[in-house]
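# Summary of structural features
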Amino acid sequence: MKVAKFGGTSLATAEQIRKVYDIIRSDPARKIIVVSAPGKRFDGDIKVTDMLIAYAEKYLTFGSAEQELNSILARYIEIAQELALSDEVINNLTKGIIDHLTSSITDRNAFMDTVKATGEKFSAKLVAYYLQSREFDAIYVDPNDAGLVVSNKFGNAYVLEESYQNLNKLKNTSKVIIFPGFFGYSTDGTIVTFPRGGSDITGAILAAAVNAEYYENFTDVDSVFAVNPQIVPNPQGINELTYREMRELAYAGFTVLNDEALMPAYRANVPVNVKNTNNPSAPGTRIVISRDATDRPIIGIASDSGFCSIYVSKYLMNREIGFGRKLLEILEDEGLSYEHIPSGIDNISVILRGNQLNPEIEKRVINRIKEQLNVEDVVIERNLALIMIVGEGMRSTVGIASRATEALAKASVNIEMINQGSSKVSMMFGIKAIDEEKAIKALYFEFFGND
Ligand SMILES: Nc1ncnc2c1ncn2[C@@H]1O[C@H](COP(=O)(O)OP(=O)(O)O)[C@@H](O)[C@H]1O
Ligand SMILES: N[C@@H](CC(=O)OP(=O)(O)O)C(=O)O
């Protein structure tokens, strides 16, 4: 049995959904299909999930958002009409969407998640209706009925262990199951969504639960590329990479797969295959436990911006027992999560996502660090980008760091910090966000330019 997840780009139009149907029909092993909400139809278009978020924000402020609601309905109605679904089916979908989007507001975050989940829920219903209209034996299955139980952290759910046993029962299905991605239900029956891009996580959970022979992740590119194709045109494709490599790259900016989707598949030893809905015969990229890294020490280069660093210096910090803990305790108190902590003898930097720090929190954090830790200096630097070069072969190859730093120097990129991951499959460079594109191009040319 295979679990196949189709991303928003594969469900954006009626034409795309017809391709999805052909792909499902072409392989009887594809028994569980996970779908996202309709995505972008063209460059500059808006994903349905983003339309839903805008709708919810306006509805929560003004009590109605008629125009936004109509635009969302129009996306589904247009697809359904082009797929020649009956008026009865279209009315059903429309009524269901309106009911969800105007449900009572008990809690703002709960309302937001119910609205966001509407995108996936009705995308899955639409696909199931279409398959049924083609006499295909398919059925919509709701995460609530299947037992996909998640934590109650709105917008940031994680799966609860009991889900795996519940979802295992789906493997006995005779029909093809169409399952909405991106959300589950908390133990009290409330809809809670995963982080953005979370339909990938739903697919991985289902693949692990039913012990699938493959988790296929269908998107709009022929493979995972060695670098973001929006930065370097026509980059090299990757045939095979390990879970560890993909997790690092996804975390660091390869948006093609959500980084949290790797762990469930890895734990259940289900290989992942990233494939293209627009070119399904291409082999795609396989994500596996191990690979031969001798001829390719570096597999990919990823980057992400929007980071900031809290630089703290104090003479003899190295001898002060508990300094790091006290510093992190202040961040914990303020509800801040951190990404990296490069440190020296008398100084330490904490790297965080900048959107967590509003001016009020920033001021409080600086004051608390100064007063409670008695330090000489605290400086917050914003607008940083982190670049990650990743590869299983890095451990056993001499000179990777020097090649990378030389390439960055030649491109006149100043390195603010360097961190070699403890896993030794990645090396991180902190630079000014303004240099991100220049740095990525320089590193890509250095490590892949001659291939
Ligand atoms: N290294 C990479 N390899 C492939 N695609 C990448 C990479 N980095 C970023 N992307 C982007 O990820 C996109 C696919 O992800 P996404 O837009 O979420 O698709 P879907 O809607 O199918 O989930 C690609 O179109 C590409 O622009
Ligand atoms: N629709 C959700 C979940 C998702 O995974 O979407 P996609 O498969 O289009 O990245 C989002 O936009 O975050």
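Sequence order as written defines residue numbering, which begins from 1 separately in each chain. As a convention, the first chain written is A and the first ligand written is 1, with the rest following in written order. With pLDDT at 70 or above as the cut-off, local features in this predicted model cover only qualifying residues; side-chain atom pairs require 80 or more to be listed or tallied, and sums for whole chains, interfaces and linings still use all residues.

## Considerations on unusual backbone geometry
- Phi at Ala 84 is positive, roughly 60°, even though this residue is not glycine.
- Numbering goes from the N terminus for both helices and strands, where a helix is a DSSP run of H or I of at least four residues and a strand is a run of E of at least two. Checked against the element boundaries, Ala 84 lands in the loop between helix H3 (66–82) and helix H4 (87–101).
- The backbone of Glu 135 sits at a positive phi, close to 65°, despite the residue not being glycine.
- Residue placement: Glu 135 occurs in the loop between helix H5 (108–133) and strand E3 (138–140).

## Concerning the UniProt feature "binding site: ATP" (unreviewed entry) in the chain
- UniProt positions are given in the numbering used here, feature names are shortened, and annotations may be inferred rather than shown by experiment. Those places that UniProt annotates as "binding site: ATP" (unreviewed entry) correspond, in this numbering, to Lys 5, Phe 6, Gly 7, Gly 8, Thr 219 and Asp 220. Taken along the chain, the residues just named run across 216 residues; in space they keep tight, none of their C-alpha pairs more than 12.2 Å apart.
- Inspection of the secondary structure assignment puts Phe 6 in strand E1 (residues 2–6).
- For the purpose of contact definition, each residue receives a C-beta atom placed from its backbone, and two residues are in contact when these atoms lie within 7 Å. Ignoring anything within four residues of it in the chain, the contact list for Phe 6 reads Leu 11, Val 20, Ile 33, Val 35, Ser 36, Phe 218 and Thr 277.
- If you trace the backbone, Gly 8 turns up in the loop between E1 and helix H1 (14–26).
- Neighbour counting defines burial: a residue surrounded by 20 or more other C-beta atoms within 10 Å of its own C-beta is buried, one with 12 or fewer is exposed, and intermediate counts give partly exposed, using backbone-placed C-beta atoms. By the C-beta count within 10 Å, which is 26 here, Gly 8 ends up buried.

## Notes on the UniProt feature "binding site: substrate" (unreviewed entry) in the chain
- UniProt tags Thr 49 and Glu 120 as "binding site: substrate" (unreviewed entry). A maximum C-alpha distance of 8.5 Å places the annotated residues, which cover 72 residues in sequence, within one compact spot.
- Relative to the elements of secondary structure, Thr 49 occurs in helix H2 (residues 48–62).
- The exposure class assigned to Thr 49 is buried, which follows from the 25 C-beta atoms found within 10 Å.
- Excluding residues that lie within four positions of it along the chain, Thr 49 makes contacts with Ala 37, Lys 116 and Gly 119.
- Its place among the elements puts Glu 120 in helix H5.

## As for the packing of helix H13 (residues 400–410) against helix H14 (residues 436–448)
- Closest axis-to-axis distance for the H13/H14 pair is 9 Å, and the angle between their directions is 130°. With respect to H14, the axis of H13 lies oblique. The two elements H13 and H14 cross, and the hand of that crossing is right-handed. Between H13 and H14, the residues in contact are Arg 403, Ala 404, Ala 407, Leu 408 and Lys 410 and Ala 439, Ala 442, Leu 443 and Glu 446, respectively.
- The residue inventory of the contact of H13 with H14, partitioned by class, reads 6 nonpolar, no polar and 3 charged. A fitted line through C-alpha atoms represents every axis, and for helices the fit uses only the stretch in contact; the resulting angles, taken between N-to-C directions, go from 0 to 180 degrees. Any angle from 65 to 115 degrees is called roughly perpendicular, while one under 35 is roughly parallel, one over 145 is roughly antiparallel, and all others are oblique. For any helix crossing, the convention is left-handed if the near helix is rotated counterclockwise from the far helix by under a right angle, and right-handed if that rotation is clockwise. Any residue outside Ala, Val, Leu, Ile, Met, Phe, Trp, Tyr, Cys, Pro, Asp, Glu, Lys and Arg is labelled polar, Gly included; the first ten of those are nonpolar and the last four are charged.

## Focus on the pairing of strand E16 (residues 377–390)
- Strands were regarded as paired on the criterion that DSSP finds at least two bridges between them. The pairing of strand E13 (residues 300–313) with E16 spans 12 bridges and is antiparallel. Its bridge partner being in E16, Ala 302 is matched across the sheet by Met 388.
- Pairing between E16 and strand E18 (residues 426–432): 7 bridges, direction antiparallel. Residue pairing across strands places Val 390 opposite Ser 426, the latter belonging to E18.

## Notes on the confidence of the model for the chain
- Within a predicted model, pLDDT stands for the predictor's per-residue confidence, ranging from 0 to 100. When pLDDT is averaged along the chain, the result is 95, and 99% of the positions lie at 70 or above.
- Complex prediction metrics read pTM 0.93 and ipTM 0.98.

## Details of the sheet that holds strand E14 (residues 338–340)
- Taken in spatial order, the 6 strands make up an open sheet running E14-E15-E13-E16-E18-E17, and their pairing is antiparallel. In this open sheet, the two edge strands, each paired with only one partner strand, are E14 and strand E17 (415–420). The sheet shows a mean angle of 40° between the axes of neighbouring strands, direction not considered.
- For E17 and E18, the ladder comprises 5 bridges, and the chain directions are antiparallel. Bridge pairing in E18 places Ile 418 opposite Phe 429.
- Here H13 sits on the sheet in contact with E16, E17 and E18, set at roughly 20° to E18.
- Taken strand by strand, H14 contacts E13, E16 and E18, and its axis lies near 125° from that of E13.

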